[in-house]
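Coordinate analysis (summary)
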Amino acid sequence: MEGCEVSSKMRYWLTLISGMLECLCFAGVVFGYTSLVFVLKEDQYFSELCSNSTASNSSQVETDCRGQDEQFSLVFTIASFLNNFLSLINGFLFDRFGTMVTRLLAVCLYTTGTLFVAFSSAAYSLMLFPALSCIAVGGILLLMTNIQVGNLFAAHRSTIITFYNGAFDSSSGVFLLIKILHEQGISLQSSFIALSLCSVIHVARTFLLMPRTHIPYPLPPRYTYGVNCGQAYSYNVEQVKRTKEDASSWKDETAKSDEAEVENTDKVSSFRRCVLSWFFVWHLLWLSILQLRHYLFIGTLNSRLSRLARNDPGLVSQYTNAFAMTQLCGVLCAPWNGLILDRHKGKPRAPGETEQDADLCSSYLSLFLTSLQCLLFSVCASIPVLPLQYVTFILQVLNRSFLYGGNAAFISIAFPARHFGKLYGLVMSLSAVVSLLQYPCFSLVKGPLDGDPFYVDIALTLLSLLVFIHPVYVFIHCRRKARSRENIPPADSDIFPSLAQTKL
C-alpha cells in the first residue's frame, strides 16, 4: 500500500505537468489569431475581397482590403463565440459523462480543425470558418477537463487552476511559431499537419493520466485513477483477504459519506439557486464586459496596427511578433492571481468561518485587481500612439491571464463542485452572446468611423467601469457575513444570496 501511495503521488505530479504542457501547447492557440492572419494574408486568403482604388488627389493606386479584414474578423468572431457558447453543452456533457468522453470529443474536434486548415487554400478560404471553430471548441474542452487537476493539490488548488488558465493564454504563441516557420519556408499546411499528429499525445494522456469520471474535492484518502496500482508483494492468503475486506469496508464508508454529502448539498443549494444568485449575475456581467473588450482588441489588432503603422508590412510584422511574444508570458502572470486567491491557506480561520467563507473572502481582491487591469488596458488601447501599444500588449496579457483563471477559480469557490461544469459552461455561453457585439463594433469602425476605432474604444472603456460592481459586492457580502457569524448560523440564503433576498 505504501508503494501504491508513492505511485499515486507520482501520478499526481505527472498529471499536473502533462496537463500544463497540454494547455500551453494546444488548448488556446486560437487566441494567437493575429499571427495567423498575417500568414493567411501572405497566402492570399480572402484576397478576392480586396479592390484597387485611385486617390482623388493623386494618381497613386491604393489597395482597399476592408472586405478582407472584415472576413478575417468574422472568422474569429464565430470561433470565439462558439468557444464560449458551446461551453454550456460541454459543461453538461462533462458533469454527466465524465472526463474520458469529454476529452475524446475534444481530441476529435481539435484534430478535425487542424486538418481543415492543413487542407485549405486561398481557393477554399471558407474552410477557415469550421476549422477555427473546431480548434476553439476542442481547446476549451481540453482546458475544462484539466481544471479539476487542482483538486489533487488542495492547498494550492486556486493557484493550479489559474496556472492552467495562464498556460491556456500562452498557447496563443503557437501561431507565432507557425508565423516564424512560414517566414523560413515551412508551409502553413505542414505546420497544421504536425499539430494534427500531436493528437496521439492527447489520446494517450486521456487513458493513462486522467480519471474516467471526475477528480473529487475534497480528495478522499488513497485516491487513484488511470493505470491501477500493482498488487502487494505478499503471498499470505489471509493477509490478502483481510486487505480486500479493509478496502471493501473503506469503499462502503466512502460511498456512504459521499451519499450523505450529496444529500446535504441538495439541501444547501440547487443548480437553479446558484444561477439565480447575485454572485452568478454579477460574475456574468464582469466576465462578459471584460471578455468583449479582449475579443474586440484581438480580432481587430491586425487592422489597428496597419492603420497606426500606415500600412507598413515590416512594422506591422514587428508589432505582431511583439504581441505574440507577450502572450507567452500569460503562464507566468496567471499564478500570481492564484497566490492571491490561496493566500489564506494554512492560516487559522475565524470562529464559525467555513472553508468556503475563507476562500470567498480571498477572492474579492483578485476580482478588483482584474477589473483595474482591464480599465488600464482599455485606456492604453484607446490612445492612437503606435509605441504605446507595447504597454497595451503587456497590460492585455496580464489582464487576460487574471481574467480566465479568476473566472474558473471563483466558480469553483462560490458554488458547489458538483455544479462546476454546468455553471462554468453557462457563464461562458451567456458571455459568448455578449461577445457577438464585437462584429457590429468592427463594422461600425470600418464603415461610419472610416477605420478609426477611437470612439468605440472610449465607449468600451466607460463600459468597463461596471465590472467593479462584482468585487465590491463580494466584499460587502463577506463583511456582512463576518459581522453576523457570531450570532446567526449560516443559512442557505447566506451562502447563495438570491436575487429576491439580497440587496446591494
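Everything discussed here concerns the structure shown above.
Summarised in this report is the structure supplied together with it.

Analysis parameters
Residues numbered from 1 in each chain as written. Predicted model: local features only at pLDDT ≥ 70, side-chain atom pairs only at ≥ 80, totals over all residues. Heavy atoms only, no water. Helix = DSSP H or I, 4+ residues; strand = E, 2+ residues; numbered from the N terminus. Buried < 20%, exposed > 50% of the residue type's maximum accessible area, 1.4 Å probe, protein only. Contact = heavy atoms within 4.5 Å. Areas by Shrake-Rupley, 256 points an atom, 1.4 Å probe, with all protein chains shown as cover. Salt bridge = Lys/Arg side-chain N within 4 Å of Asp/Glu carboxyl O. Expected span 1.5 Å × (residues − 1). Disulfide = S-S within 2.5 Å. 1 Å grid on protein atoms, 1.4 Å probe; cavity = no way out; pocket = protein on both sides within 12 Å on 5 of 7 lines; lining within 4 Å. Points joined across faces, edges and corners; volume = space filled by probe spheres on them. Nonpolar A, V, L, I, M, F, W, Y, C, P; charged D, E, K, R; others polar. Phe/Tyr/Trp six-rings, centres within 6.5 Å; stacked < 30°, edge-to-face > 60°. Patch = residues over 30% accessible without salt bridge, like charges linked within 9 Å, V, L, I, M, F, W, Y side chains within 5 Å. Core = buried A, V, L, I, M, F, W, Y, C linked by side-chain atoms within 4.5 Å.

Our next topic: the overall build of the protein. On a plain count of helices and strands, the protein comes out with 24 helices and two strands. Every one of the 504 residues in the protein was classed for burial, and the buried ones make up 52%. Of the contacts made within the protein by residues no fewer than 6 positions apart, 82% connect residues no fewer than 24 positions apart. When the accessible surface of the protein is totalled, it reaches about 22,600 Å², and 65% of it is carbon and sulfur.

Moving on: the pattern of salt bridges. Applying the stated criterion across every chain yields a total of eight salt bridges. Several salt bridges share partner residues, and in doing so they unite Glu22, Arg103 and Arg205 into one network.

Turning our attention to helix α6 (residues 128–147). Over its 20 residues, α6 extends 28 Å from the first C-alpha to the last, a length consistent with the 28 Å expected when each residue adds 1.5 Å. Most of α6 sits out of view: 19 of its 20 residues are buried.

Quick look at the state of the cysteines now. Across all of its chains, the model carries zero disulfides by this definition. Left without a disulfide partner, Cys23 is nearest to the cysteine sulfur of Cys25, which lies 9.7 Å away.

A few words now on empty space enclosed by the protein. Here the structure, examined in full by the defined rule, presents three cavities of 30 Å³ or more. Its volume calculated, the largest cavity comes out at about 90 Å³. If you go around the largest cavity, you meet 14 residues; those closest to its centre are Val37, Phe72, Gly299, Asn302 and Ser303. Taken together, the elements giving at least two residues each to the lining of the largest cavity come down to α2 (33–42), α3 (66–85), α13 (278–299) and α14 (301–308). The element contributing the most residues to the lining of the largest cavity is α2, with four residues. Tallied by class, residues from the lining of the largest cavity come to six nonpolar, six polar and two charged.

Moving on, we come to the packing of aromatic side chains. Using the criterion set out here, one finds 27 aromatic pairs in the structure. Aromatic side chains Tyr12 and Phe153 sit 6.4 Å apart centroid to centroid with 75 degrees between the ring planes, which places their arrangement in the edge-to-face category. Of this pair, Tyr12 sits in helix α1 (residues 2–27) while Phe153 sits in the loop between α6 and α7 (157–170), placing them 141 residues apart in sequence. In this structure, Tyr12 and Phe153 share a single accessibility class: buried. Taking 5.1 Å as the distance between ring centres and 65 degrees as the angle between the ring planes, the aromatic pair formed by Trp13 and Phe153 counts as edge-to-face. Linking Trp13 in helix α1 with Phe153 in the loop between α6 and α7, this pair joins segments that are 140 residues apart in sequence. Judged by relative accessible area, which is 47%, Trp13 ranks as partly exposed. The buried category is assigned to Phe153, whose relative accessible area is 14%. One aromatic cluster in this structure is built from Phe297, Tyr319, Phe323, Phe377, Tyr390 and Phe393.

Here we come to the layout of surface pockets. Here the idea is plain: a probe the size of a water molecule rolls over the atoms and shows the empty space left. Reported here for the second largest pocket is a volume of approximately 970 Å³. Lining the second largest pocket are 31 residues, and of these Thr63, Cys65, Asp69, Ser306 and Asn311 lie nearest its centre. Breaking the lining of the second largest pocket down by element, the ones donating at least two residues are α2, β2 (61–64), α3, α14, α15 (313–327), α21 (438–446) and α22 (454–463). The biggest single contributor to the lining of the second largest pocket is α14, with five residues. Taken together, the residues of the lining of the second largest pocket break down into 10 nonpolar, nine polar and 12 charged.

Turning next to a nonpolar patch on the surface. On the surface, Phe454, Tyr455, Ile458, Leu462 and Leu465 cluster together into a nonpolar patch covering about 500 Å² of accessible area. Tracing the chain through its elements places Leu462 in helix α22. On the accessibility criterion, Leu462 (55% relative accessible area) is exposed.

Ranked by size, the top nonpolar core spans 104 residues in total, and within it Leu132, Leu188, Phe192 and Tyr424 carry the most contacts. The dominant element in this core, judged by the number of residues it contributes, is α13, at 12 residues. Ignoring anything within four residues of it in the chain, the contact list for Leu188 reads Leu36, Val39, Leu40, Asp43, Tyr45, Val117, Ile178 and His182. Leu292, Val445, Val456 and Leu460 belong to the second largest nonpolar core, which has six residues in total.

Remember that the coordinates give geometry; whether it matters functionally is a separate question.
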